[in-house]
Every structure is written in C-alpha cells, then in structure tokens.
Amino acid sequence: MELYVILRRGGWPTGDHLREAAARSTTEGARMADDVRWIRSYVTAENDGTIGTVCLYEASSPEAIRAHARNAELPVDEIVKVADTVIVRPDPAPVAA
Amino acid sequence: MSCVTTVGIRSGRVLFERDELLAALSSALDVARAGRGRVVLVSGEAGIGKTALARVFCEGVNGSATVLWGGCDALFTPQPLGPFLHLAEGASGSVTNLFEAPKSASEVVEALLGLARAGAPLILVLEDLHWADEATLDALRLLARRIGTSSALVLATYRDDELDRSHPLRSVLGELATSVEVSRMAVPRLSPTAVAHLAAESDVDAAAIYRLTAGNPFYVTEVLAAGGAEISESVRDLVLARVAPLSLPATALVEATSIAPPSLDAALMLAVRGEAVDAVEECLASGVLRVVNGGIAFRHELARATVEEALMPTRRLALHRAVLLALADADSSSGDLARLAHHAEGAGDADAVLRYAPAAGAQAADVGAHREAAAQYGRALRFAGGISESERADLLERQSAAHYQTDEQHQAIAALQLAIECHRRAGDVRREARALSRLVPQLTCPGFIVEAERAALDAISLLEPLSPGPELPAAYGAMAVVQLHKDDLEETIVWGTRAAELARSDGEDAILVDALTSAGYAEVMRDGPAASGTLEAALVLARRLDVGVARVLNNLAYGAVLHRAHGLTERFCREGLEYCADRDLDLWRLSLLGAVIRSRVDQGRWAEALDAAQILVEDPRASPEPRVAALLAFARVRARRGDPDAHAPLDAVLALEPQWDELVWLGPIGAARAEVAWLEGKHENVASVSDRALELAILRRSPWWVGELAYWRWKAGIQDGVLNGTAEPYALQIAGDWRCAAVRWADLGCPYEAALALSEADDEQALRDALDELYRLGARPAAKMVARRLREEGVRDVASGPRASTRENPARLTNREVEVLHLVTDGLRNGEIARRLFVSPRTVDHHVSSILRKLNVGSRGAAVAEASHRGLLEDR
C-alpha cells in the first residue's frame, strides 16, 4: 500500500451532498478493504461557493483509488503520490462543517 | 462399509475449537443446496486437523448429501487425476468407480457436476492439493468456474506452509481468489485451553505439552500417546517410539506401508509379507495404522513420512523391490503406472523404470498432466544409460513437448537440443531436421530470434539435398515463423507461401494451417484487415481439423489491433476466448487478453483496459508479449490521466529481459516510453527511447509503428516532415492537416488520438472541443496543455476541469452498467459476466451494486424489473 493525496475540488454543491458521498465512500471502502484505506480528509471551501475535499488514502494502486471513486460516485481531479510525511503539529480541533 | 479406527483427537468425534469452521461449512452447504455451488479451500500446516475437520463435517451431514472423498498421494510424481480415480463414498466408504480411465479434467468435472445436478447435493472432499498433479489442478479450476450453477460443495485441503513461490497450486489459488464462488478457510492451532482439555485425562503437564506442540493437534496426540514419559523428545522420536515396541512382523508391515503411499491394500500386504497379515491387528491396536478402503494406511501422513525417512537405504530398496514385484505380478491395470514407476525408481531397477516411466508419462500427457509427464520422462532419462540414441532422443522429445505445454520454456529448449544431438550422433538426418523445426517456435516464444533463425536454416540445408518428404514444408513453415517474429513481412509471405504449396500437394494439413497462418498474418499486417483472405482460409481449415484455431484467431486479433480495427479485434478476441475457454487453453487466452487490452486503450476505454491488464499481470503463466501489453497499458493510461506511478510498469517491462531487438517488442515499448516522456514534458528523452524502434519500424516497413513513433518525435520537436510509409492519420497530423486527421481518428474509434489532433489546431472552437473531449476522457495532462494554449491566445473562460454535467450524473447508468444489466437480465452470474466482459468478478460485483444503488432497489430481480419499467433495456 502506498500513500496518496486525492484532490476532489468543488465536487459538491452543499454539505448534505458531501455527507451522502462520505457514506457511499465508507461503504465502498469497506468492500475494497484490501485495496484502499481512507485515512483522512480536509473539506475545502471553494471560491465559487461549492465544497471540495483533499483526501489522504492508502491504496494498492492509482487504479484502486479510481475504482473506489467510480463505485462511490466521487469525483477525482488529481491523484498525487506521497513521498514523505512531515508532521509538525497534530491537526487542530476540527473546523465545524 | 468397512470400519474406521479414528484415533484423531481421542475424545470421540469432538473437535476442539472448530465450531466456527464447521458452522461456516454448513452455511456453504446450505448455499450449495440452493443451487449455488461453492468451493471452500481449507488450508493449514501439516497435522493441524484439516482431514479431521472434513470428516466431522461430512459425518454431521447425515446422509442429506452424497459425499465423495479423494486424496492426492505423496508420490514424487503423482498419478494424473489420481484423486478422482479412487473416489470413496464418504470419509471411509467403499471406492466408487465413477471414472474408469478419464481422458481429461473436463470429463471428470462434467461427470461430477452431473452427479450434483441429478439428486441430493454433492460434497466432494479433495485432500492434500499441495501434492496434486497438473490435471487435478485443472479439474479444480474448471470445477470452480462452473460450480456456481450446481449444487455441489467442494472442500479442498492443502498445506499452506509447503507452497513455495513457484508451486503450481499457487497460480490456481490466485486465479480462484477472484471468484465469488470460492472462499478460504484457515484451520488455526489449538489454544492452551483446548490443549488442557485434551490433556485432562493424562498426567502430563498441559502447559508443557502446549510449549512443545504449539497447539498442533497431531503433535498433541503423539505426545499424549507417548504418555508424557519423554516429553522433551522431538515428534520424530515420538512417532518412532510408538513403532519400536511392535513385533517384527508388525514392524515389517508398518515399514512396507510407509513406502507405498497412500495405503497398502490387502493383496499387496499378502504379497509383500504373507506372515505379516496376522500383525495387522497388532498395528491397528497400537494406533499406528488404520483401516481404509480395504487396505491399511498410516493414521497421519506425518507419521508415514517419519517412518519412511528413518528406513535404512538397503531396507528401503528391498521394500520397493517387493512392492514392485507384487504390483507387476498383480497384472495391474494401466491406472497404476505412476505407482509402478515410483517403486521401480525406489528399487533402483532400470529396466522397470524404462518400462513404466515412459508409459506413465504418455498417460499423464494424454490427460493434460504435462508437469507429471515431464517428470516421468525425466525419471526414465535418469536410468537411460543403456538405451540407443534414437530411444533417448524419443524420450527427450517427449519431455520437451511436456515442458513446452507447461510453459517451462528453458527446460523445453534444453531437452530438444539434447534430442537433436542424439539424432545427429545416430545419423538420422530427417529426424534431426524435424526436431530443429520444432525448436523454432520454442525459441521465438521467449525471444531468441537469432538462434531460431539458425535452427530453421540448419533444418532447411539438411533437407533440401534429400528427396521430398513432410519435413521440408515444416522447415519452411518454421522459417516463416522466424521471419514473422522479425516483423519481416515480405520474407514471411515468401516462406509461408512456399511451405503452404508443398504442404498442400503433400496433404500435410497441420503444416498447411501453420504456413497459411504465418503468411496470412503477414498480409494483414502489411495491407490491413481487408487483406485477411488467407488468414480466414486458414481459420476455416483449422476449425475443420481442430488444429491451430487459437493461433489463427490470435493472429487475426493482433493484426486488427495494429490497424486500429476495433470491431474486428473484439470479434476475433470474443471467438478466440470462447474457443480457449471451452478447451482450457490458458496461454492463448492470456495472449488474446493482451490484444483486448491494447484495443481498449486505443478506444479510450481506459478503466476497462486496466481491469483486464490487472487480471493478466497477476497470472504467472502469461507469456512476455501479453504481459508487456498489460504493463504498457498501465504506464500509458496512468501517464494520460496524470496519475502517479507511470514509470513503475515501464521499469517492470525493462526488467523482463527477453531479447529485445525486434520490432514486435520495441515498437510498443518505444511508443509507450516516448508518449510518457512527451506527457511529462521531457522532450529531450523522446529521441533516445524511440531511436532504435523507429529504425526497425522503417526497416520492417511497418506503417503504424513508423507513424506512431514519428508522431511522438514530431510532438517533441525532433521530427520534421512525413516519413515514407507512415500510416495515414499520423501522416495527416505531421503534415499539419489536423482537421482530416481528427475525422480519420474519430472514424477509427480512437477518441484520444482524435482529441490530440484537434488540439493541434489554430482554431479556437477546435481547441475548445479538444479540451472538452480530453476532460471527458480524464486526460488531464493533455487537457492542461490545451487550456494553457487557449489562455496564451487570450481566450477567456477556459474551463479548468471537466464540466459538472460530464462529471456527475448519479441517476444515470453508465454504458458499462447497462451492458452488465443486460447480462444480469439474461440470468448470468457475476463469474460468467466477468468472463464475458474480460474483467474480474469483483469489478462485476461493483457494477451490480452500483446499479442497485442507482435504481434504488435491493436485488438483481428488482433491478431488472425497474430497468425494464424505466425503458433502460430497450436499445439493445
């Protein structure tokens, strides 16, 4: 398994849409447990008022990430491999959605 | 029914800590009973209780199912289809002669599935698959493919700690892993609590037993049987200590049983040691041996192996001799050839080995157990000191053919080269030449083209001075194959035509099919799919004779792929895959899959291309050519999408190390590396990765490779002007006629290439169309280049990503989902759909659940009803 960052910019019009997507993502992730592991996500507030995400996944390949996205109906703009992790501070308290 | 002395775990039929496993088996049986058959793979170390688990489960079934029981033997070279030859009814019942002398794995599977459909559900226990012969593994593979519509439950046990990386069972397990009808079950060691329960009646310290045995039930039983006197001893000593107190005749019986796995039958017992029969009771009472199917056997294979290993070499030799004599006297059926060869070798009896091993090899080859066939010929060759060159050559040729069938190419080549030397020493020129011709496809397959050409030339120069015979057209045909691998199409047609003329006048139909296939393929490669007359003629003849059909269809498919004739590719691949599936021709099936992958990449069906590529790279049997096609698909699609890891598959290709200097390899590899370099903006690398490939493409006059390689070089700014012999759409692009090129690519069904052609326009609308199409395809890097050009030219509101409408439309089924839904409507199960669409069953699973979610229904039946209600299935 390698670590990947996935950009899903402006994928959803509202927080409700995103929450439904997150539920599909979890279900699908459980079915593909050998190939993808969702680590964490940051929800982005896009300039046009939509909502996007920057997600961190462990996956067996970029194709596994795309298959997961296809099955859970999530957009994928870009997949980038993580070469190294530098943690300076733990995440601050979650920002309320 | 014979009685069974089970001294497994001594508390009767109670198994400790197996309730969950038994419950899982019961529910698998329930599913099978409902007509959805299952395979359960039961794994665990030796002595862990796999057999005991199966036995208790089958006894619990209580007659509500037919139970058949077969096991693989611990012979060095097992009897092909051995487990099916001696099927017992139930764990201990009499042997049924379901099969007299099965001809093939598929015949066995047919009969078993027939039983399962006839009445009560069938439970088939197959034990010790780590010793299985190749034909038995084929049977298991076939069973798993077809079991889903039967009411059979197959329990297959194997030792997972005995499978090294190259073990044949591994690839079977890998293939079965993707099947929804197959599940796995690992039998764990016992906990300290369970060991304490078992030890409760003895005065041995349970904690000490656990420490010694680590919870392995066989070891626990042995320690308890030893009474704990010597608790620190090894298991070997424990087993031997149990044999030691036996009387001399009983010891002799135990020893004889140890060299004749799996069991010694009554006739053998009498023959080997007449006076020992009285000792049977003693052996049974001691718990060392038990009664099985009219004979006696060790209670556990571990104990048998221990006793056998402890035999003095002279004693072992004497025992093998006695058993060999007894078996040979018994006027035994040919079914015992593998056993005879086993004991002949153990007895060091060269005459007997040479009598039985080749016959056992031929029998194995007949039923498709080629690995065992090769081993039997190898056994004979070890004892071949006194035979003639001609006889030795014959053994070597047969061994080579067996290796070739199992894709052990280097061994196949080595054996055939030795055979050629034998013929040469014997002065048999025709057979030497024939063997040289046969060597050619074995050499070209792993890429030894220079050596192959030398072999074909040698064969021809040996034969041309002689009077005509069937060897000469075969040699010409071999030369055509060599030229084909060099992509020298003109020479292929010359040699292939010459071979075909001779073969036709001599009535050598098999050689004729082969020659027409080579020549016809070269014609298609040179002139396009419209020139497929010769190849279609070869197909008709091949189908009539049922020889070489897979090769013809494979060549038709690859010819169509090169010319981007996707409709034809799909047709030939579908016909070829059906043909191969019916006959279990896995190597050709994988090769055809390579053509499917290339075609789908070209069609912009990237996710599907990589689904198929995944199946291919995971199969260790795939030959280099399709494997390269799969790896290159990963590289190109990742690069086109802008995904990471495009270089890993390219590195894997370069690490394969066949001999590369031919267009058939360098064309696709050079093109893929050039495209990846261009997409990454490393234009300076494009030349070095494609120089040699382009040189070869020009030399071999291959328009599509000249075109594609020149095109990427033109994109990178290192190629001006159109080279002679460039395929039309590339020539149009390089000449600057993007508009015609885009139309041409669209006509061919290559959307990515069409979009790239549009992206070379100086027209804003064309550039916008290119951008939309590239986003639709998910081709981010190329889209970014187009977006940048539009902005540089002052165009505003350039999209920075796919339009929302193309990106998300949750309610609508994708084309692929509609396709899957049609097959669901036809009543196909996921495994069948997967094979139809060349994807893994898991992918089908995803499609089906996506369909259910989108239609908001809970079952396949409801999905079909809802889809037909909504009119989704009408435009078929």
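The structure under discussion appears in the preceding block.
Draft legend 1. Highlighting the overall build of chain A. Across its full length, chain A holds 2 helices and 4 strands. Ordered by position in the sequence, the α and β elements of chain A form the string β-α-β-β-α-β. Evaluated residue by residue, chain A yields a buried proportion of 41% over its 97 residues. Of the roughly 5,600 Å² that chain A leaves accessible, carbon and sulfur atoms contribute 57%.

Draft legend 2. Just the overall build of chain B, in detail. When its secondary structure is counted, chain B shows 45 helices and 10 strands. Within chain B, the proportion of its 876 residues that are buried is 56%. Considering only intrachain contacts with a sequence separation of at least 6, the fraction spanning at least 24 residues in chain B is 64%. A total of about 35,900 Å² of accessible surface is found on chain B, and carbon and sulfur atoms cover 52% of it.

Draft legend 3. Up close: the sheet that holds strand S2 (residues 36-45) of chain A. Residues and elements named next belong to chain A. If you walk across this open sheet you meet the 4 strands as S2-S3-S1-S4, and the pairing is antiparallel. Of all strands in the sheet, those with a lone pairing partner are S2 and strand S4 (78-81), marking the two edges. Across this sheet, the average inter-strand angle for adjacent strands is 20°, counted without regard to direction. Of the strand pairs in this sheet, strand S1 (residues 2-12) and strand S3 (residues 51-59) are connected by 8 bridges, and their pairing is antiparallel. Bridged to Tyr 4 within S3 is Tyr 57.

Draft legend 4. How the structure looks around the sheet that holds strand S8 (residues 264-265) of chain B. Residues and elements named next belong to chain B. One open sheet accounts for 3 strands, arranged S8-S10-S9; its pairing is antiparallel. Both outer strands of the open sheet, S8 and strand S9 (289-292), are each paired with one neighbouring strand and no more. Where S8 meets strand S10 (residues 295-298), 2 bridges bridge the pair, whose relative direction is antiparallel. Bridge pairing in S10 links Asp 265 to Gly 295.

Draft legend 5. Fine view of the pairing of strand S6 (residues 152-158) of chain B. All names here are of chain B. In terms of burial, S6 is largely enclosed, as 7 of its 7 residues are buried. In terms of strand pairing, strand S1 (residues 38-43) meets S6 through 6 bridges, oriented parallel. If you follow Val 39 over to S6, its bridge partner there is Val 154. Here strand S5 (residues 122-127) pairs with S6 via 5 bridges, running parallel. Looking at the pairing, Leu 124 lines up with Val 154 of S6. One crossover worth recording links S5 to the parallel S6 by way of helix H5 (residues 134-146), and it is right-handed.

Draft legend 6. Fine view of the environment of Val 617 of chain B. Residues and elements named next belong to chain B. Residue placement: Val 617 occurs in helix H30 (residues 606-617). Taking C-alpha positions, Val 617 is 6.1 Å from Arg 627, a pair spaced 10 residues apart along the chain. Apart from the residues within four sequence positions on either side, Val 617 is in contact with Arg 627, Ala 630, Leu 631 and Phe 634.

Draft legend 7. Representation of the pattern of salt bridges within the structure. The full count for this structure, using the stated rule, is 57 salt bridges over all chains. The salt bridge partner of Arg 9 of chain A is Glu 46 of chain A, with a shortest N-O separation of 2.9 Å. Residue Arg 9 of chain A is found in strand S1, and its partner Glu 46 of chain A is found in the loop between S2 and S3; the two are separated by 37 residues along the sequence. According to the relative accessible area criterion, Arg 9 of chain A is partly exposed, its value standing at 46%. What makes Glu 46 of chain A buried here is its relative accessible area of 14%. Notably, a salt bridge pairs Arg 31 of chain A with Glu 28 of chain A, separated by 3.3 Å at the nearest N-O pair. Taken together, the residues Arg 31 of chain A and Glu 28 of chain A, both in helix H1 (residues 15-31) and 3 residues apart, mark about one turn of the helix. For Arg 31 of chain A, a relative accessible area of 35% corresponds to the partly exposed category. Connected through salt bridges with shared partners, the residues Arg 564, Asp 602, Arg 636, Arg 640, Glu 675, Glu 708 and Glu 753 of chain B form a single ionic network.

Draft legend 8. Layout of the interface of chain A and chain B. Chain A puts 24 residues into the contact, and the matching count from chain B is 22 residues. Across the chain A/chain B interface, buried area totals approximately 1,900 Å², and carbon plus sulfur atoms make up 36% of it. When residues of chain A are sorted by the area they lose upon contact with chain B, Arg 31, Glu 63 and Glu 73 of chain A head the list and together hold 28% of the total. Scanning the region where chain A abuts chain B turns up 4 salt bridges. Between Arg 638 of chain B and Glu 63 of chain A there is a salt bridge, with the nearest N and O atoms lying 2.6 Å from each other. At the surface where chain A touches chain B, the tally comes to 7 residue pairs in polar contact (both at pLDDT 80 or more).

Draft legend 9. The packing of aromatic side chains, seen in detail. On inspection of all chains with the given rule, the structure shows 11 aromatic pairs over all chains. Between Trp 38 of chain A and Tyr 57 of chain A, the ring centres sit 6.2 Å apart and the planes meet at 10°, which makes this aromatic pair stacked. Of this pair, Trp 38 of chain A sits in strand S2 while Tyr 57 of chain A is found in strand S3, placing the two residues 19 residues apart along the sequence. Measuring from centroid to centroid gives 5.4 Å for Tyr 711 of chain B and Tyr 730 of chain B, while their planes differ by 45°, and the two rings are tilted. Separated by 19 residues along the polypeptide, Tyr 711 of chain B in helix H35 (residues 703-715) and Tyr 730 of chain B in helix H36 (residues 728-734) bring together distant segments of the chain. The class for Tyr 711 of chain B is buried, based on a relative accessible area of 3%. Among the aromatic residues, those joined into a ring-pair cluster are Trp 678, Trp 704, Tyr 711, Trp 712, Trp 714, Tyr 730 and Trp 745 of chain B. Arg 498 of chain B extends its terminal NZ or CZ atom over the ring of Tyr 476 of chain B, reaching a point 5.7 Å from the ring centre.

Draft legend 10. Spatial organisation of the environment of Glu 453 of chain B. All names here are of chain B. In this structure, Glu 453 sits in helix H22 (residues 449-463). A sequence separation of 27 residues divides Glu 453 from Ala 480, and the C-alpha atoms of the two residues are 9.7 Å apart. Excluding its chain neighbours within four sequence positions, the residues that come into contact with Glu 453 are Met 479, Val 482, Gln 483 and Lys 486. Polar side-chain contacts of Glu 453 include one of 3.4 Å to the side chain of Gln 483.

Draft legend 11. How the structure looks around helix H23 (residues 471-485) of chain B. Residues and elements named next belong to chain B. Relative to the 21 Å expected for 15 residues at 1.5 Å per residue, H23 spans 21 Å between its end C-alpha atoms, a close match to the ideal helical length. Counting buried residues in H23 gives 13 out of 15 residues, a clear majority hidden from the surface. One or two steps after H23, the chain reaches Asp 487, where phi turns positive at roughly 55°.

Draft legend 12. Structural view of the environment of Ala 322 of chain B. All names here are of chain B. With respect to the secondary-structure elements, Ala 322 resides in helix H15 (residues 313-329). For Ala 322, a relative accessible area of 25% puts it in the partly exposed group. Once the C-alpha coordinates of Ala 322 and Ala 271 are considered, the two residues, 51 residues apart in sequence, prove to be 7.9 Å apart.

Draft legend 13. Focus on the pairing of S10 of chain B. Residues and elements named next belong to chain B. Here S10 shows a buried face lined by Gly 295 and Ala 297 and a second buried face lined by Ile 296 and Phe 298. Where S9 meets S10, 4 bridges bridge the pair, whose relative direction is antiparallel. Bridge pairing in S10 places Leu 289 opposite Phe 298. Between S9 and S10, which follow one another and run antiparallel, lie 2 residues, and Asn 293 among them has a positive phi close to 35°.

About the thresholds
The numbers attached to residues start from 1 for each chain and follow its sequence in the written order. All chains are assigned letters beginning with A, and all ligands numbers beginning with 1, in the order in which they are written. It should be noted that, the model being predicted, local features are given only for residues of pLDDT at least 70 and side-chain atom pairs only at 80 or more, the latter also being counted only at that level, while totals for whole chains, interfaces and linings use all residues. Only hydrogens and water are set aside; all other atoms, that is, all heavy atoms of the structure, feed into the side-chain values. Counting from the N terminus, the helices are DSSP H or I runs at least four residues long and the strands are E runs at least two residues long. We call a residue buried when its accessible area falls under 20% of the maximum for its residue type, exposed when it is over 50%, and partly exposed in between, using a 1.4 Å probe and counting protein chains only. A 1.4 Å probe and the Shrake-Rupley method give the accessible areas. Residues count as covered only by the protein chains that appear here. Residue contacts are counted whenever heavy atoms from the two residues lie within 4.5 Å of one another. Note on pairing: two strands pair once DSSP finds at least 2 bridges between them. Interaxial angles span 0 to 180 degrees and are taken between N-to-C directions of axes, which are lines fitted to C-alpha atoms, for helices over the stretch in contact. If the strands point away from the viewer and the path from the first strand over the helix to the second runs clockwise, then the crossover is right-handed. Salt bridge, as used here: a side-chain nitrogen of Lys or Arg that lies within 4 Å of a carboxyl oxygen of Asp or Glu. By convention, the term buried area covers the 1.4 Å-probe accessible surface removed from two parts as they join, with the contributions of both added. We call two N or O atoms a polar contact when they sit within 3.5 Å, provided that within protein one can donate a hydrogen and the other can accept it, with sequence-adjacent residues counted only if both atoms are side-chain atoms. Ring pairs are drawn from Phe, Tyr and Trp, using the six-membered ring of Trp, whenever the two centres fall within 6.5 Å, and their geometry is named by plane angle: stacked under 30 degrees, edge-to-face over 60, tilted for the rest. By the criterion adopted, a ring carries a charge over it if an Arg CZ or a Lys NZ lies within 6 Å of its centre and within 35 degrees of its normal. An expected span of 1.5 Å times one less than the residue number is assigned to each helix.

The quantities given are spatial measurements derived from coordinates; they are silent on function.
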